[in-house]
Amino acid sequence: MTSSAAFAQAPRILPRLDDATDPYWTGGATGELRIAHCAACDRYVHPPRPDCPHCAGPVEFVAVSGDGVVFTHTVNHQAFRPDVPSPYVIALVELAEQPGLRIITNIVDCEPDSVYSGMPVHVRFDAHDAVFVPVFTPPQSG
Ligand code: ZN
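Sequence positions are assigned chain by chain, starting from 1 and proceeding in written order. Totals for whole chains, interfaces and linings use every residue, but because this is a predicted model, local features are given only for residues with pLDDT of at least 70 and side-chain atom pairs only at 80 or more, for both listing and counting. Note that water and hydrogens are dropped before the side-chain values are worked out from all heavy atoms of the structure.

Caption draft 1: Main features of the overall build of the chain. Helix and strand definitions follow DSSP, with helices as H or I runs of at least four residues and strands as E runs of at least two, each counted in order from the N terminus. From N to C terminus, the chain includes 2 helices and 8 strands. Listed by position from the N terminus, the elements making up the chain come as α-α-β-β-β-β-β-β-β-β. In this setup the radius of gyration rests on C-alpha atoms only. A globule is expected at 2.2 Å times the number of residues raised to 0.38. Taken against the 2.2 N^0.38 rule, which gives 14 Å for 142 residues, the C-alpha radius of gyration of the chain at 15 Å falls within 12% of a compact globule. By its C-alpha atoms, the chain is 45 × 30 × 30 Å across when sized along the principal axes. For every residue, the accessible area obtained with a 1.4 Å probe (protein chains only) is divided by the maximum for its type, and the residue is called buried under 20%, exposed over 50%, and partly exposed between those limits. Relative to its 142 residues, the chain shows a buried fraction of 42%. We call two residues in contact when some of their heavy atoms are within 4.5 Å. Of all intrachain contacts in the chain linking residues separated by at least 6 positions in sequence, the fraction that spans at least 24 positions is 56%. Surface accessibility follows the Shrake-Rupley procedure with a 1.4 Å probe radius. Residue values consider only the protein chains on display as shielding. On the chain, roughly 7600 Å² of surface is accessible, and the fraction owed to carbon and sulfur atoms is 54%. When charges are counted, Lys and Arg contribute as positive and Asp and Glu as negative, whereas His and the chain ends are disregarded. A single reference atom marks each charge: NZ on Lys, CZ on Arg, CG on Asp, CD on Glu. Positive and negative charge centroids in the chain, built from 8 and 16 side chains respectively, lie 5 Å apart.

Given below as structure tokens:
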């Protein structure tokens with residue numbers, strides 16, 4: 001297990017679930033990355049909010065492919081918490097569904113120094129009771 005895999009299982013400060021964001025944090029229970037989507041203008045909206053910022057229409061959560069690319073990232077070497085192993089990768093991942101649709105996440109299951117902008121990644125979920133934190137991994141070889 002690489003250090004970044006250990007990081008994925010480390011303690012996290014978890015979000016408080018509410019109606020506006022619950023589908024995003026719990027979709028991993030069924031293996032789905034769910035992103036808010038406005039049917040009226042056919043746009044994804046992230047971070048989740050109750051109405052579309054473009055047309056004010058209602059948004060509904062839909063499952064996306066879970067594919068994306070690393071838009072930008074940083075490797076954190078500072079041990080801010082003794083129970084969270086470093087180094088680890090904080091990244092902005094652009095999802096395949098829409099240009100500019102980016103989520104803040106971690107890249108795991110690889111050496112932190114191997115991460116680069118444009119690297120293809122796929123979602124997996126880091127389960128903490130009812131909360132499934134979306135994290136991303138590079139394509140697995142073999
Ligand atoms: Zn809209």
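Moving on from the model shown.
Caption draft 2: Quick peek at the packing of aromatic side chains. Each Phe, Tyr or Trp ring (for Trp, its six-membered ring) is paired with any other whose centre lies within 6.5 Å, and the angle between the two planes then decides the class: stacked below 30 degrees, edge-to-face above 60, tilted in between. Using the criterion set out here, one finds 1 aromatic pair in the structure. Centroid distance Tyr24 to Trp25: 4.9 Å. Interplanar angle 80°. Geometry classified as edge-to-face. The pair formed by Tyr24 and Trp25 is uniform in burial state, with each residue classed as buried. By the criterion adopted, a ring carries a charge over it if an Arg CZ or a Lys NZ lies within 6 Å of its centre and within 35 degrees of its normal. Positioned above the aromatic ring of Phe71, the side-chain terminus of Arg102 is 3.5 Å from the ring centre.

Caption draft 3: Structural detail: the coordination of the zinc ion. Sodium, potassium and calcium take a 3.2 Å donor cutoff, other metals 2.8 Å, and in both cases only N, O and S atoms count; water is not among them, so sites may look incomplete. Around the zinc ion, the protein contributes the donor atoms Cys38 (SG), Cys41 (SG), Cys52 (SG) and Cys55 (SG), at 2.3 Å from the metal centre. Irregular is the default label, applied whenever a site is not tetrahedral (four donors, all angles between 85 and 135 degrees) and neither square planar nor octahedral (four or six donors, opposite donors over 155 degrees apart, all other angles between 65 and 115). For the zinc ion, the 4 donor atoms in the first shell make angles of 99 to 121° at the metal, a pattern classed as tetrahedral. Every donor residue of the zinc ion comes from the same chain, spaced as C-x2-C-x10-C-x2-C. Of the residues examined, Cys52 reaches a relative accessible area of 3% and is grouped as buried.

Caption draft 4: Expanded view of the nonpolar core. Of all hydrophobic cores here, the largest spans 31 residues; its most connected members are Leu33, Ile35, Leu95, Ile107 and Phe136. Elements supplying a minimum of two residues to this core: helix 1 (3–8), helix 2 (22–26), strand 1 (33–38), strand 5 (88–95), strand 6 (102–107), strand 7 (120–128) and strand 8 (131–137). When residues no more than four places from it in sequence are discounted, the contact partners of Ile35 are Tyr24, Tyr44, Val45, His46, Glu60, Phe61, Val62, Val64, Leu95 and Leu101. Nine residue types can take part in a nonpolar core, namely buried Ala, Val, Leu, Ile, Met, Phe, Trp, Tyr and Cys, and a core is a set of them joined through side-chain atoms within 4.5 Å. Judged by nonpolar contacts, the second largest core, of 5 residues, contains Ala36, Val45, Cys52 and Val59.

Caption draft 5: Looking closely at the sheet that holds strand 1. Each pair of strands is called paired provided DSSP finds at least two bridges between the two strands. Spatially, the 3 strands line up as an open sheet ordered 2-1-3, and their pairing is antiparallel. The two strands at the open ends of the sheet, each matched to only one other strand, are strand 2 (43–45) and strand 3 (59–64). Between one strand axis and the next, the sheet turns through 50° on average, direction left out of account. All axes are obtained by fitting lines to C-alpha atoms, using only the stretch in contact for helices, and the reported angles, taken between N-to-C directions, cover 0 to 180 degrees.

Caption draft 6: Summary view of the side chain of Thr26. Considering the arrangement of structural elements, one finds Thr26 in helix 2. In contact with Thr26, other than residues within four places in its own chain, are Leu17, Arg34, Ala130 and Phe132.

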